[in-house]
Amino acid sequence: MSGSTTRRGGVGSPPLGVFVVDAELARRWIVEAASRIEEQRDYLTQLDAAIGDADHGVNMQRGFAAAVATMLSSPEGTAGSLLHDVGTTLVYRVGGAAGPLFGTGFRRIGATLSEAARPDGEVLLSGLRAGLEGIQALGAAAPGDKTMVDAWEPAVSAFERTLHAGGTTDQAARNAAEAANAGVEATLPMQARKGRASYLGSRSIGHQDPGATSTALIFGALERVIRRPS
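For clarity, every value in this text was computed on a predicted model and none was experimentally measured. Within any chain, residue numbers begin from 1 and follow the written order of that chain's sequence. Under the rules for a predicted model, residues below a pLDDT of 70 receive no local features and side-chain atom pairs below 80 are neither given nor counted, while totals for whole chains, interfaces and linings still include all residues. Note that water and hydrogens are dropped before the side-chain values are worked out from all heavy atoms of the structure.

Caption draft 1: Main features of the side chain of S157. Summarising the element assignment, S157 is placed in helix α7 (residues 149-164). Polar contact is defined as a pair of N or O atoms within 3.5 Å, subject to the rule that within protein one atom must be able to donate a hydrogen and the other to accept it, and that residues adjacent in sequence are counted only when both atoms are side-chain atoms. Separated by 2.8 Å, the side chains of S157 and E153 make a polar contact. Put simply, DSSP H or I for four residues or longer makes a helix, DSSP E for two residues or longer makes a strand, and each gets a number counted from the N terminus.

Caption draft 2: Focus on the pattern of salt bridges. For this document, the term salt bridge refers to a Lys or Arg side-chain nitrogen within 4 Å of an Asp or Glu carboxyl oxygen. Considering all chains together, one arrives at five salt bridges under this definition. Salt-bridge contacts for R129 lead to E160; the nearest nitrogen and oxygen are separated by 3.0 Å. Here E160 lies in helix α7 and R129 lies in helix α6 (residues 121-139), a separation of 31 residues in the sequence. Relative accessibility decides the category of a residue: with a 1.4 Å probe and only protein chains considered, values under 20% of the type maximum give buried, values over 50% give exposed, and everything between is partly exposed. Judged by its relative accessible area of 26%, R129 falls in the partly exposed class. Between E223 and R227 there is a salt bridge, and its shortest N-O distance comes to 2.7 Å. Of the two residues, E223 and R227 both sit in helix α9 (residues 210-227), four residues apart, roughly one turn of that helix. Judged by its relative accessible area of 38%, R227 is partly exposed.

Caption draft 3: Looking closely at unusual backbone geometry. We note that A54 has phi near 60°; this positive angle belongs to a residue other than glycine. Tracing the sequence through the fold places A54 in the loop between α2 (41-51) and α3 (56-72). A relative accessible area of 37% places A54 in the partly exposed class. Backbone geometry places K146, a non-glycine residue, at a positive phi of 65°. Within the fold, K146 resides in the loop between α6 and α7.

Caption draft 4: How the structure looks around the layout of surface pockets. Put simply, the largest pocket is a space of about 600 Å³. Any residue with an atom within 4 Å of a point lines the site, the site being either a cavity, points on a 1 Å grid over the protein atoms alone where a 1.4 Å probe fits but cannot get out, or a pocket, an open set with protein on both sides within 12 Å along at least 5 of 7 lines. Looking at the largest pocket, it is lined by 28 residues, and the ones nearest its centre are A97, A98, L101, G195 and R196. Every element with two or more residues in the lining of the largest pocket is listed here: α2, α3, α5 (98-114), α6 and α9. Class assignment for the residues of the lining of the largest pocket results in twelve nonpolar, nine polar and seven charged. Grid points are joined across faces, edges and corners, and a volume is the space filled by probe spheres set on the points. Classes in brief: Ala, Val, Leu, Ile, Met, Phe, Trp, Tyr, Cys and Pro nonpolar; Asp, Glu, Lys and Arg charged; the others, Gly included, polar.

See below:
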């Protein structure tokens, strides 16, 4: 089984050293993501002011704060059900296109985890890829369009390469976070072809995509909670 993250033992717990996406990890992931987005709220809004509606940071902060509250109100939930509920909350609480896109991503992740008896690193990879596919189906975006896909797609690819090369889940998460950050940087010279930014044409060149930036914050949060399981 992929992964080397240590979990505490106990009745019903996986053996020490076996990586499992459990409810505790799901909660910590969203809490960490919400914290990072809150810290970067003004920066995200600044990025969006250049090529969008100047509300991305505020919308994402509000949505993830609501997602944390949703999770904390479901103490008996599984990782899959919690992340599915997070996605539903984001759909309704994050304004603009970001809500349905990020919400769909998390709903797909949650659905994938719910199908597995013991979701390990490979199942998490499947969930992350399902999230990407859902986002692309909804937004009709491809890599190079200057959207969140430009961070999510390389993150998933890096996660997959690491696992399939024999790496552990924490290594895969670290490489995914690094790839997402590199994807953000790669949006700078792109001309936007989707969303509000596409209306600017060549004037969108030289600006960092806010959706890709939020995506990198989310993958960075995932890397941290996998690397530090307690």
